[in-house]
Amino acid sequence: MKPDPRAFWTFFRQGFAKWDQTASFVPSQRFLVDAMVNGAEPERARRIVELGPGVGVMTKPLLSRMRADAELYTIEIDPPIHEQLVRAVVDPRLHPICGSAEHIRDLLAEKGCNEKVDAVVSSLGMSLIPPAVRDRIVESIIDSLAPGGVYVQFGYIHTRYLVISTERGFVPFDYLGYLESRFERVQRTPVPLNFPPAWVFESRKPR
């Protein structure tokens, strides 16, 4: 996928302006994108939700592997980044939404989708999201998943020991422990070649 300098600059600028929301200055790299997309098994999915799609670095690979009759719903809370995605990715199977991941089912219903989804792919910076909001987002994810569905989330390896929030200071976050308290099956895959190095978590069977 050819980089889009305008998209990169939009993401970089919003990272400075809204660090706790964006949680990064640069989009995910190819190794992390591949691991996330593989975890979602897009070839088998009828409906996928992508949370925090940014400027589309994961959206395009998802669409390239999805069936012709499948649908992808992206939910982005940041309006400038959402607008960049709308301009950058045009596909009849894509339904871009500007809104909060706390309200997945309601947002999908506004787009005419009342069914549950086969996969939720999340690039949200969960380690920086306030705990109460984070819990509501995960509850929203669980509520939106069909039986047998998968929630794919990445987290940077350093977050277990060091996370700096502009609003809450130092807030280390244990992704694995958090997810295992809410799902019966959590598979963790390292992506050391991403910058920063990351884990990809595939969570199934909500408790």
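Naming follows an unreviewed UniProt entry, where the chain appears as Ribosomal RNA adenine dimethylase domain protein of Sandaracinus amylolyticus.

**Topic: helix α3 (residues 30–40)**
Here α3 has its buried residues at L32, V33, A35, M36, V37, G39 and A40. Among the structural elements, α4 (59–65), β4 (117–122), β5 (145–156), β8 (183–191) and β9 (198–206) are those in contact with the buried residues of α3. E41 sits one or two residues past α3 and shows a positive phi near 50°.

**Remarks on the sheet that holds strand β3 (residues 94–98)**
On the basis of which strands lie adjacent, the open sheet formed by 7 strands has the order β3-β2-β1-β4-β5-β9-β8 and mixed pairing. The sheet is open, and its two edges are formed by β3 and β8, each paired on a single side. The average angle at which neighbouring strand axes cross in this sheet is 15°, direction not considered. One ladder, built from 4 bridges, connects strand β1 (residues 47–51) with β4; its direction is parallel. Counterpart to E50 in the pairing with β4 is V121. Strand contacts of α3: β4, β5, β8 and β9, with the helix running at about 165° to β5, the strand carrying the most contacts. Helix α5 (residues 79–88) rests against β2 (71–76) and β3 of the sheet, and its axis sits at about 165° to β3.

The rules behind the values
Residues numbered from 1 in each chain as written. Predicted model: local features only at pLDDT ≥ 70, side-chain atom pairs only at ≥ 80, totals over all residues. Heavy atoms only, no water. Buried < 20%, exposed > 50% of the residue type's maximum accessible area, 1.4 Å probe, protein only. Helix = DSSP H or I, 4+ residues; strand = E, 2+ residues; numbered from the N terminus. Contact = heavy atoms within 4.5 Å. Pairing = 2+ DSSP bridges. Axes fitted to C-alpha atoms, helices over the stretch in contact; angles between N-to-C directions.

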